[in-house]
Amino acid sequence: MAARPPHFLFSTPRSMVVKTQHSIRFNHFLPSAIKSQREDDRVPPHEGLSSVAVGGVVALGKFDALHIGHRELAIQAAKVGVPFLLSFVGMAEVLGWEPRAPIVAKCDRKRVLSSWAPYCGDITPVEYELEFSKVRHLTPHQFVEMLSKKLGVRGVVAGENYRFGYKAAGDSSELVKLAEEYGMGAYIINNVMDKNQYYGNMGSSNLKEQGQVSSTRVRLALAKGDMKYVSELLGRQHRLVVMVKDQEWLVSNQHRLSARKSCFLNLPPKEGLYKSCSVLIGNDKNVVPCKVTIDASDIHLELHDAATCMRIISQDFQCLGIDFGESGA
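Residues numbered from 1 in each chain as written. Predicted model: local features only at pLDDT ≥ 70, side-chain atom pairs only at ≥ 80, totals over all residues. Heavy atoms only, no water.

How do you make sense of the overall build of the protein chain when you look at a structure like this?
Across its full length, the protein chain carries eleven helices and 13 strands. Across the 329 residues that make up the protein chain, the buried fraction comes to 51%. The long-range fraction of contacts in the protein chain, counting pairs at least 24 apart against all pairs at least 6 apart in sequence, stands at 74%. Surface exposure of the protein chain reaches about 14,800 Å², of which carbon and sulfur atoms provide 51%. (Helix = DSSP H or I, 4+ residues; strand = E, 2+ residues; numbered from the N terminus. Buried < 20%, exposed > 50% of the residue type's maximum accessible area, 1.4 Å probe, protein only. Contact = heavy atoms within 4.5 Å. Areas by Shrake-Rupley, 256 points an atom, 1.4 Å probe, with all protein chains shown as cover.)

Written out as structure tokens, the structure is:
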């Protein structure tokens with residue numbers, strides 16, 4: 001799948017790695033309360049405008065896959081303030097894109113962000129979302145003004161290919177300039193390149209975007225069932241979240257359970273057999289090895305422990321996480 005052209009308001013930055021720091025350092029802009037929060041290693045608040053309104057340092061982008069490049073953005077934000085991921089929701093509806101399953105289930109995003117805490121000074125980055133329809137017509141200047149005056153942002157982190165403002169009129173250089181105008185620090189970081197580059201340049205016409213980690217590459221790797229490659233791009237195993245009611249389970253025998261694909265909450269890998277998987281029941285402490293087969297209509301779990309099968313089907317409502325190891329389809 002080719003990457004979408006940047007004709008929309010905020011084009012997605014590809015994966016980044018901290019290499020260049022540009023503009024003013026801004027720890028001195030942080031209020032004492034925020035400094036104290038970082039010193040105490042507390043997790044920043046999770047909800048409401050105030051969660052990013054005073055002293056937040058935001059990474060800008062559309063964080064579909066939460067891959068290793070997105071993590072680098074969060075790492076840089078954490079170096080200079082309380083880290084947030086600022087993204088835009090409702091873009092597909094506004095721009096008429098076809099609906100597609102997310103790479104990370106919505107209910108699983110906090111777990112992934114929590115796993116980034118060791119990289120971010122023991123602070124879990126927090127997501128903050130803006131409705132795309134409300135900001136799509138802002139000029140680059142108006143967008144940065146909104147970050148500063150309405151959200152109280154004290155710093156921004158973006159990739160070198162980041163574009164913003166109406167019709168993607170602003171680039172990373174303009175972001176730095178406008179941030180300085182409003183007394184914010186701006187950090188522009190270089191791309192994290194895909195070391196394997198299995199799928200070439202995917203038809204990208206922009207030389208700066210060729211060969212870098214991206215959500216598009218994750219989707220392509222999942223479509224090929226290359227779970228080792230997926231793990232490298234994500235920096236973790238891919239987790240498929242399945243929401244199944246008890247009456248929806250199909251029981252073949254005491255070791256095999258099946259459910260419809262309609263129960264998936266995020267994007268699965270291609271059809272096939274995956275031998276090195278784990279099923280998580282309730283929380284990450286209850287992990288059971290399993291084999292997974294995905295066919296045209298169903299997912300099938302094969303477990304060695306018959307008691308675990310009985311436990312799953314006896315629940316009135318069960319949300320399962322299935323982690324895919326590095327063996328491919």
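Looking at this structure, I do not really get the packing of helix H9 (residues 215–224) against helix H10 (residues 227–234). What am I missing?
Relative placement of two packed helices is described by the angle separating their axes and the distance separating the axes. Remark: H9 packs on H10, axes separated minimally by 8 Å, with the N-to-C direction vectors making an angle of 160°. Classed by the angle they form, the pair H9 and H10 counts as roughly antiparallel. Between H9 and H10 the crossing geometry is left-handed. Within the contact between the two elements, H9 uses Arg217, Val218, Ala221 and Leu222 and H10 uses Met227, Tyr229, Val230, Leu233 and Leu234. Considering only residue class, the contact of H9 with H10 consists of eight nonpolar, no polar and one charged. (Axes fitted to C-alpha atoms, helices over the stretch in contact; angles between N-to-C directions. Parallel < 35°, antiparallel > 145°, perpendicular 65-115°, else oblique. Left-handed = near helix turned anticlockwise from the far one by under 90°. Nonpolar A, V, L, I, M, F, W, Y, C, P; charged D, E, K, R; others polar.)

Honestly, helix H3 (residues 68–80) in this entry has me stumped. Any pointers?
An ideal rise of 1.5 Å per residue puts 18 Å on 13 residues; H3 measures up with 19 Å between its terminal C-alpha atoms. H3 sits mainly inside the fold: twelve of its 13 residues count as buried. Those residues of H3 that fall on the buried side of the exposure criterion are Ile68, Gly69, His70, Arg71, Glu72, Leu73, Ala74, Ile75, Gln76, Ala77, Ala78 and Val80. (Expected span 1.5 Å × (residues − 1).)

Would you mind going over the nonpolar core with me for this structure?
As a rule of thumb, nonpolar side chains are buried together in soluble globular proteins. One finds Val292, Ile299, Ile322 and Phe324 to be the most contacted residues of the largest nonpolar core, which totals 57 residues. Broken down by element, this core gets its largest block of residues, seven residues, from H3. Val58, Trp97, Val126 and Ala179 belong to the second-largest nonpolar core, a separate cluster that totals 32 residues. (Core = buried A, V, L, I, M, F, W, Y, C linked by side-chain atoms within 4.5 Å.)

I keep staring at the packing of helix H7 (residues 140–150) against helix H8 (residues 172–181) and nothing clicks. Help me out?
Running from amino to carboxyl end, H7 crosses H8 at an angle of 45°, the nearest separation of the two axes being 10 Å. By the angle class used here, H7 and H8 are oblique. In this structure, H7 meets H8 at a crossing whose hand is right-handed. Only Glu174, Leu175, Leu178, Ala179 and Glu181 of H8 make contact with H7, whose side of the interface consists of Pro140, His141 and Val144. Of the residues that constitute the contact of H7 with H8, the class distribution is five nonpolar, one polar and two charged.

What exactly am I supposed to notice about the pattern of salt bridges here?
Applying the stated criterion across every chain, the model contains eleven salt bridges. Linking Glu127 and Arg109 is a salt bridge whose minimum nitrogen-to-oxygen distance equals 2.6 Å. Here Glu127, found in strand E4 (residues 126–131), pairs with Arg109, found in helix H5 (residues 109–115); they are 18 residues apart in sequence, far enough to count as distant. Using a relative accessible area of 13% as the deciding quantity, one classes Arg109 as buried. Between Lys228 and Glu232 there is a salt bridge whose closest N-O contact spans 2.8 Å. Residue Lys228 and its partner Glu232 are located together in helix H10, separated by four residues, close to a single helical turn. You can call Lys228 partly exposed: its relative accessible area is 38%. Among the charged side chains, a salt-bridge network with shared partners connects Asp108, Arg111, Arg239 and Asp323. (Salt bridge = Lys/Arg side-chain N within 4 Å of Asp/Glu carboxyl O.)

For this particular structure, what's the right way to read empty space enclosed by the protein?
Rolled over the atoms, a probe as big as a water molecule pinpoints where empty space is left. Evaluated as defined, the whole model comprises two cavities of 30 Å³ or more. A volume near 40 Å³ is recorded for the second largest cavity. Contributing to the lining of the second largest cavity are Ile103, Val104, Asp108, Arg111, Val112, Leu234, Arg236, His238, Arg239 and Asn266. Elements with a minimum of two residues in the lining of the second largest cavity: H5 and strand E7 (238–245). Classifying every residue of the lining of the second largest cavity by side-chain character gives four nonpolar, two polar and four charged. (1 Å grid on protein atoms, 1.4 Å probe; cavity = no way out; pocket = protein on both sides within 12 Å on 5 of 7 lines; lining within 4 Å. Points joined across faces, edges and corners; volume = space filled by probe spheres on them.)

Could you clarify how one ought to interpret the pairing of strand E6 (residues 185–191) in this entry?
Each regular strand displays side chains that alternate between the two surfaces of the sheet. Here E6 lies mainly inside the structure; seven of its seven residues are buried. Taken together, strand E5 (residues 155–159), H8 and E6 constitute a β-α-β crossover, and its handedness is right-handed. (Right-handed = clockwise from strand over helix to strand, strands pointing away.)

Is there a simple way to explain the pairing of strand E11 (residues 287–294) in this structure?
Here strand E10 (residues 272–281) runs beside E11; their pairing, made up of seven bridges, is antiparallel. Bridging from a neighbouring strand, Gly272 pairs with Ile294 of E11. With four bridges joining them, E11 and strand E12 (residues 298–302) adopt antiparallel strand pairing. Residue Lys291 lies in a different strand from E12, and its bridge partner there is Glu302. (Pairing = 2+ DSSP bridges.)

Can you help me understand the packing of aromatic side chains in this one?
Pairs of aromatic rings are described using the distance from one ring centre to the other and the angle between the two planes. A complete count under the given rule lists four aromatic pairs for this structure. Between Tyr162 and Phe164, the ring centres sit 6.0 Å apart and the planes meet at 10°, which makes this aromatic pair stacked. We note that Tyr162, like Phe164, is buried. Each member of the aromatic cluster is reached from another via a ring pair, and the members are Phe88, Phe143, Tyr162 and Phe164. (Phe/Tyr/Trp six-rings, centres within 6.5 Å; stacked < 30°, edge-to-face > 60°.)

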